[in-house]
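# Residue-level structure breakdown
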There are 2 protein chains.
Amino acid sequence: MNSKAQGLEQLKQVFGSQFSDHLSARKEHSCGESYVSDRLPDAVLMLDSTQAVAQAVSICSEFSIPIIAFGTGTSLEGQLVPIRGGLSIDLSGMNQVLEVNAEDFDVKVEAGVTREDLNYNLKNSGLFFPLDPGANASLGGMASTRASGTNAVRYGTMKEVVLGLTVVTPNGDVIHTGGRARKSAAGYDLTHLYVGAEGTLGIITELRLRVFPVPEQIRAAVCSFPSVSQAAQCVIECMQLAVPLARVELLNSCQMGACIKYSNLHGFKAQPTLFMEFHGSNTSVKEQVASVESVAKDHEGDDFRWAENLERRNELWTARHQAWFAGLALNPGANAISTDVCVPISKLAFCIELAEAKAAELGFNCPLVGHVGDGNFHLIIPFYSDQPEQVKAAEELSHYLVKQALALSGTCTGEHGIGLRKKAYLLEEHGVHAVQTMGLIKRALDPKNIMNPGKIFDL
Amino acid sequence: MNSKAQGLEQLKQVFGSQFSDHLSARKEHSCGESYVSDRLPDAVLMLDSTQAVAQAVSICSEFSIPIIAFGTGTSLEGQLVPIRGGLSIDLSGMNQVLEVNAEDFDVKVEAGVTREDLNYNLKNSGLFFPLDPGANASLGGMASTRASGTNAVRYGTMKEVVLGLTVVTPNGDVIHTGGRARKSAAGYDLTHLYVGAEGTLGIITELRLRVFPVPEQIRAAVCSFPSVSQAAQCVIECMQLAVPLARVELLNSCQMGACIKYSNLHGFKAQPTLFMEFHGSNTSVKEQVASVESVAKDHEGDDFRWAENLERRNELWTARHQAWFAGLALNPGANAISTDVCVPISKLAFCIELAEAKAAELGFNCPLVGHVGDGNFHLIIPFYSDQPEQVKAAEELSHYLVKQALALSGTCTGEHGIGLRKKAYLLEEHGVHAVQTMGLIKRALDPKNIMNPGKIFDL
């Protein structure tokens, strides 16, 4: 029996029915969304405590078995693909909200709690957790990919809201980072090292998060524009006026048409559209709306359509969150690449123009949806895997867009992470010495390279 | 000639008049504020470019010469003390503002630019940089100690406003971290690793920083309370109401008396006092003021005194920034320890009560000044070095306060850093495994331990 087989056997002995090497379980844990792979983990472990994770990691460390932490399986860049096999540790059973400190706006949760679970738990507290990637992802996974969503323009990304972590290190130790004070200058910022590390440095098992008071007033509006450029210009100017928009999402004509169809939206036009939300006191919301309406008019925006009640607002944002599936539904059976570039806000309209022009040149009609207040947008490039020319064109378009974003001082990924597909861009974006520095950290913390090996960079 | 002497000789050859081993230069670069030491660096190098720093670091690396980066010499925890001798690299000549991107609210500066220099440079741009530690510190130094100041409650600390860095690594490579996009999920967050690393991982030579639009309306007010507790309770409630205060500073009776005397403030009482500033649109400021006035009344606060114009406002904040020297002036010739604990906001009043009671018990009349919206306050403990009993009592008080803060889920340092004095507390706050993880990173990135050795932790 080789070392890996021995280790797996030991895991089976120790964890009993929490261990599974059935094909179905392995298949379920072999990838996230938007990334096709035929690699499977050797086994799956369903764990429900930090202590159990630490014990499992100790065994994996002893036998050098690769480990991938698994939340809801919704990552987009292949972060969950077990390219060297090994163990998938499923944390969906770690689903407890451990503390709600309403008076200090912080909570402590287990890593498998999803963003919707947390908000459900908070629903009578006057607090909410704003971050909302399209999927109902686990909070551990969201931290690991430095996720954000539609509210980041006002409330920040996981980088801003994670206050501290419990992490199982690659040798099975348990560490606690950060804390409950609003600020601290005590030592290296380990919290931010693990946020965005895509599981390559350790397994996040608990998170302390900032939560926010539910605003006195919430209003949502929709405004359509003659062109994507004019919509983007409207957003740029609102940001430059420092209007504290809570959400401002851009959908191009193609995406808007897809959403109308997929989510049965009534009374909307398949035109470039901004979905907006305003949070604040009554007077503050009134001020914000007046500012944005005036800027929108300057860019030939239509009159605002208001989602007057909670039901209408939910309908709107559900449609927005289903944009990815709505886009996919345009080309039944097709795969798609979701680009994820993010540029300084002043370059946004130009970058989107470049994207749309190149898409047209290559014969694509792509849905485009973006967290434009952050300068971040996703072009959904559909392709049929059995059409090599189309696959090539899709890759060319995706590649072109990253190149343009980097040339505009932007990043290759605003919120999806590097995973497997963007390693070369990481190098281009940060340079060889910076990526070498990341590599030094990885090797120092995970000398056996068992934590999600092969992701972010090659060692 | 030993290796160190050889290295210093080579530095002298290469850098000519930028190199000095005169006693006066060495003395000037031997410590910051509030930390007495008789160790001197072997030499001082006045450098003005990233390239020059990289060249100097390469030589130091070759000859294993310790390096301490020096900005304005205002750190408080002994970060600048050359406990193993070596080279002090003075970056005050790196004083250029390299870029102002007003449309994206970001700037790029050299590390020796001070916060006041930057604001002077921004003065006609409609932008400002809010962070203001008491001293007019260099921005490189502020990043290295994760500094903040009176505006952090609204605008965040250096952790929140540093968007990217240029860093010279311990082997003399130059790396660039972060970027201009508002968010990115590209690789490990090196930016936040260097922010707060106190120069132990590399030398920050350039910073990209977030700046903010000057608010439409700024109003400053002062309100005194019968007790420190009532003032702190007022702040706690305002924070819990999510009033977006730009500044809220607490001074106890002793500190207020000292400031009135030192800064010739007229018409103020030596009573527990809040200095506040409100930023926003006219209507937003009106709302904020109404909320805070109402909460203050509930806690027996006096009527607000307004600093109606810029001159009066500056007078007020200058007095606040001179609080440290005002406190020292109460006991001519005395030294002082400035504590720096930070606790969750709900624990603030209780923590301050403990501090004041213990100070009284030990016979001290301490000025207390705090960034109370963050839960952070400084007790200024005066002592005469030639009175061993008093030195011991001062240390006991400082120690007691850290212990209480940690028990209240707080931190031993909100904004001054660990330096030399708080290493044991770092261990207590984060635990041995977390500090070991920090040590792994330090050893991996600086295997010769030449970057500010002996600070933050012992290796």
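### Some points on the interface of chain A and chain B
Between chain A and chain B, the contact holds 78 residues from the first and 78 residues from the second. Overall, the association of chain A and chain B removes approximately 6,000 Å² of surface from exposure, summing both partners, and the carbon and sulfur fraction of that is 58%. Interface area lost by chain A to chain B is led by Arg182, Lys183 and Tyr188 of chain A, which between them contribute 17%. With a shortest N-O distance of 3.6 Å, Arg182 of chain A and Asp374 of chain B are connected by a salt bridge. Run the count over chain A and chain B and you get 36 residue pairs in polar contact (both at pLDDT 80 or more). Only helix 6 (152–155), strand 9 (174–178), helix 8 (190–194), helix 9 (228–240), helix 11 (282–298), helix 16 (423–430) and helix 17 (432–445) of chain A provide two or more residues apiece to the side of chain A that touches chain B. If one sorts the elements of the side of chain A that touches chain B by residue count, helix 17 of chain A sits on top with nine residues. Looking at the side of chain A that touches chain B residue by residue, the classes come out as 32 nonpolar, 30 polar and 16 charged.

### Structural notes on the sheet that holds strand 1 (residues 19–20) of chain B
Residue and element names in this part refer to chain B. Strand order across the open sheet formed by four strands is 1-2-4-3, with mixed pairing between neighbours. Two strands in the sheet have a free side with no partner beyond their single neighbour: strand 1 and strand 3 (67–70). Both strand 2 (residues 43–46) and strand 4 (residues 87–90) contribute to a ladder of four bridges, which runs parallel. Considered in strand 4, the bridge of Ala43 is made with Leu87. Docked against the sheet, helix 3 (residues 50–62) engages strand 2, strand 3 and strand 4, running at close to 170° with respect to strand 4.

### Thoughts on the pattern of salt bridges
This structure, assessed with the given rule, holds 50 salt bridges over all chains. Across the salt bridge formed by Glu415 of chain B and Lys183 of chain A, the nearest N and O atoms sit 3.1 Å from each other. Note that Glu415 of chain B is positioned in the loop between helix 15 (388–407) and helix 16 (423–430) and Lys183 of chain A in the loop between strand 9 and helix 8, a pairing that runs across two chains. Overall, Glu415 of chain B belongs to the buried group, its relative accessible area being 8%. Linking Arg247 of chain A and Glu277 of chain A is a salt bridge whose minimum nitrogen-to-oxygen distance equals 3.2 Å. Of this pair, Arg247 of chain A sits in strand 13 (residues 247–251) while Glu277 of chain A sits in strand 14 (residues 273–280), placing them 30 residues apart in sequence. Side by side, Arg247 of chain A and Glu277 of chain A carry an identical accessibility label, which is buried.

### A closer look at helix 12 (residues 310–321) of chain A
With 12 residues, helix 12 of chain A extends 16 Å from end C-alpha to end C-alpha; this agrees with the ideal 16 Å at 1.5 Å per step. Residues of helix 12 of chain A that are buried: Arg313, Leu316, Trp317, Ala319, Arg320 and His321 of chain A.

### Some words on the nonpolar core
With 251 residues, the main nonpolar core has Phe129, Met158 and Leu207 of chain A together with Phe129, Met158 and Leu207 of chain B as its most contacted residues. Those residues in contact with Met158 of chain B that sit more than four places away from it in its chain are Phe129, Leu131, Leu139, Met142, Ala143, Arg146, Ala147, Val195, Leu207 and Leu209 of chain B.

### Concerning unusual backbone geometry
Residues and elements named next belong to chain B. In the Ramachandran plot, Ser64 falls in the positive-phi region, its phi being about 50° despite a non-glycine side chain. Note on placement: Ser64 falls in the loop between helix 3 and strand 3. For Ser64, a relative accessible area of 41% translates into the label partly exposed. With a phi angle near 50°, Asn449 is a residue other than glycine that sits in the positive phi range. Judged by relative accessible area, Asn449 falls into the buried class, the value being 17%.

### Points about the domain arrangement of chain A
All names here are of chain A. Once the domains are mapped, chain A shows domain 1 (1–214 + 422–459) and domain 2 (216–419). Put simply, the middle of domain 1 and the middle of domain 2, counted by C-alpha atoms, are 28 Å apart. Summing both partners gives a buried area of about 2,700 Å² for domain 1 against domain 2, and 51% of it is carried by carbon and sulfur. Broken down residue by residue, the surface that domain 1 buries against domain 2 is led by Val153, Lys422 and Tyr425, which jointly contribute 24%. Between the two partners, domain 1 and domain 2, sit two salt bridges. The salt bridge involving Lys403 is made with Glu428; its shortest N-O contact spans 2.7 Å. Run the count over domain 1 and domain 2 and you get 19 residue pairs in polar contact (both at pLDDT 80 or more). Contributions of two or more residues to the side of domain 1 that touches domain 2 are made by helix 6 and helix 16. Here the side of domain 1 that touches domain 2 takes five residues from helix 16, the largest share from any one element. Considering only residue class, the side of domain 1 that touches domain 2 consists of 12 nonpolar, nine polar and 12 charged.

Calculation notes
- Residues numbered from 1 in each chain as written.
- Chains lettered and ligands numbered in written order.
- Predicted model: local features only at pLDDT ≥ 70, side-chain atom pairs only at ≥ 80, totals over all residues.
- Heavy atoms only, no water.
- Contact = heavy atoms within 4.5 Å.
- Buried area = accessible area lost by both parts, 1.4 Å probe.
- Salt bridge = Lys/Arg side-chain N within 4 Å of Asp/Glu carboxyl O.
- Polar contact = N/O pair within 3.5 Å; in protein donor to acceptor, adjacent residues only side chain to side chain.
- Helix = DSSP H or I, 4+ residues; strand = E, 2+ residues; numbered from the N terminus.
- Nonpolar A, V, L, I, M, F, W, Y, C, P; charged D, E, K, R; others polar.
- Pairing = 2+ DSSP bridges.
- Axes fitted to C-alpha atoms, helices over the stretch in contact; angles between N-to-C directions.
- Buried < 20%, exposed > 50% of the residue type's maximum accessible area, 1.4 Å probe, protein only.
- Expected span 1.5 Å × (residues − 1).
- Core = buried A, V, L, I, M, F, W, Y, C linked by side-chain atoms within 4.5 Å.
- Domains from an automatic or database assignment.

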